[in-house]
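Coordinates in review
One-letter residues, chain by chain:
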Amino acid sequence: MRKYLIGFIKIIISGLIAFTILTIFCYFYYNVPVQYEVSDGVTDYKWKPNSFYSRGTEGFAFGKINNDGYNNAFNYSNNMKIQVLIMGSSHMEAYQVQPNESTAGLLNSMLGSNTVYNIGVSNHTFLTIANHLQNAIQKYKPTKFIIIETSSIAFKEQDLRNVLNGTFEEIPLKNNQYLLSILQKNQFLRLAYKQSRELINNSETNTKDIEKTNTVNNNDNSKTLLNELLFKMSNSVSISGIKLIIVYHPKTTINADGSLQLSNNSQDLTSFKEMCQKNNIYFLDMSERFLEEYNDKHILPYGFTNSSIGSGHLNKYGHKMLAEELYKTMQEVK
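Everything numeric in this text was worked out from a predicted model, so none of it was measured. (Residues numbered from 1 in each chain as written. Predicted model: local features only at pLDDT ≥ 70, side-chain atom pairs only at ≥ 80, totals over all residues. Heavy atoms only, no water.)

1. Some thoughts on the pairing of strand S5 (residues 61-64)
Only one face of S5 is buried: it carries Ala 61 and Gly 63, and the other face, with Phe 62 and Lys 64, is open. Note that strand S4 (residues 52-55) and S5 share four bridges and pair antiparallel. Within the sheet, the bridge partner assigned to Arg 55 lies in S5 and is Ala 61. Counting the residues that bridge the hairpin from S4 to S5 gives five residues, and of these Gly 59 lies at a positive phi of roughly 75°. (Buried < 20%, exposed > 50% of the residue type's maximum accessible area, 1.4 Å probe, protein only. Helix = DSSP H or I, 4+ residues; strand = E, 2+ residues; numbered from the N terminus. Pairing = 2+ DSSP bridges.)

This is how it looks when you write it as C-alpha cells:
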C-alpha cells in the first residue's frame, strides 16, 4: 500500500512540476491579456489595461497594452489630439508583429509620433465596428481620418438590419463565463483550451464554409441595407468634419501552379466600391498591391514561418503594404 501511495505522490509532484514549467513557458509563448469590460461603447470589449502580452503561435511579438486597453505604443489621455483613428479586427490589433511593424505603428512613423490611435480588437468585424462608430467618434474625436479595416464586403441581410435598428448582437465577454474566466488566468490552460477548440473547429470547416456561402450573398435587399448603413456611417463622420477610409484586404490562396488567388467576388467588390463612392467614403482595395508584391517580389501579406503560408493574419509585409497605401490615400484626399 505504501509503495502505491509513494508512486501516486510522485505522479502528483511530477504533474505539478510539469504544469508549472508549461505555465512559465506559455507566459512568453502564448500570453494574451484578459478581456476587459467596456463602459464607453467604442468596442464590444477591450483588454486589461497595462497588461504584458507575447505571442509565439503565429509569428512572434510582445508588448504592452496601454492604459486604455488597446494595443498602442503610448498611453491615452483625455486631452490627446488624435488625427487618425484606426478601427478593425485582430489584423489591426496586430499581436503577431512588433508594435513598430503594425499598420498603426508604421503610420505613426510616417505621419508623426502619437497622431494615429488604434482600437482594433479581435473578432471585431466590419458590422461590429459600424455598430460602435458613433461612440468611437465621440470619445476620441479624431481630427482628420477614421480608418476601418475589413476583410469582408458581403454581409447577411439580417445582420445588416440588426445594425441599422440597434439590435446587433455583441460579442460575449469571456470573463462572464465561469470556465473561461478560470482558464484566462493561466496561460497554459488557455492555450490548451484554444488548441482543443481549433481542433474541433477544423473538423467542421467544410460545413461552415458551405453555410457561409449559402447565407452571405449580396441580393437586392442586402445591397439596399448596406447602402443605408454606409450612408449612416458617412453621415456620422461628415458631421464631425473628418473623412472615412475603408481599407479592404482580401484573403489569399496559392494555386497549384504557384499563382496567387484572391478570395474576392468581383461583383461584390464593384458594388461595394460604387456604394462607398456614392456616400463620400474613400475605399482602399489592397487587391492590386497584394498581387503586385507577389508577382514581382514573391512577397505574401499573410503567414509566418511558424504558421501556414499565405493565410492567417497580416505579417509585417502585409502591414507595410497597408500602411503605405493608406498613407498615399491620406495624402491625396487631405
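Having put the structure on the table, let's press on.
2. Things to note about the environment of Glu 324
Of note, Glu 324 is situated in helix H12 (residues 316-333). Residues Glu 324 and Leu 106, spaced 218 residues apart in sequence, show a C-alpha to C-alpha distance of 8.4 Å. If we ignore the near neighbours within four places in the chain, the residues touching Glu 324 are Met 110 and Arg 289. (Contact = heavy atoms within 4.5 Å.)

3. Remarks on the sheet that holds strand S7 (residues 116-118)
Sheet strands associate in pairs through backbone hydrogen bonding, adopting either a parallel or an antiparallel arrangement. Taking strand neighbours across the sheet as the criterion, the five strands line up as S7-S6-S8-S9-S12 in an open arrangement whose pairing is parallel. Two strands bound the open sheet, and with one partner strand each, they are S7 and strand S12 (282-285). Adjacent strand axes in the sheet meet at a mean angle of 20° when their direction is disregarded. One ladder, built from three bridges, connects strand S6 (residues 84-87) with S7; its direction is parallel. Considered in S7, the bridge of Leu 85 is made with Tyr 117. On top of the sheet, helix H3 (residues 103-111) reaches S6, S7 and strand S8 (145-150); it is set at about 170° to S7, its chief contact. (Axes fitted to C-alpha atoms, helices over the stretch in contact; angles between N-to-C directions.)

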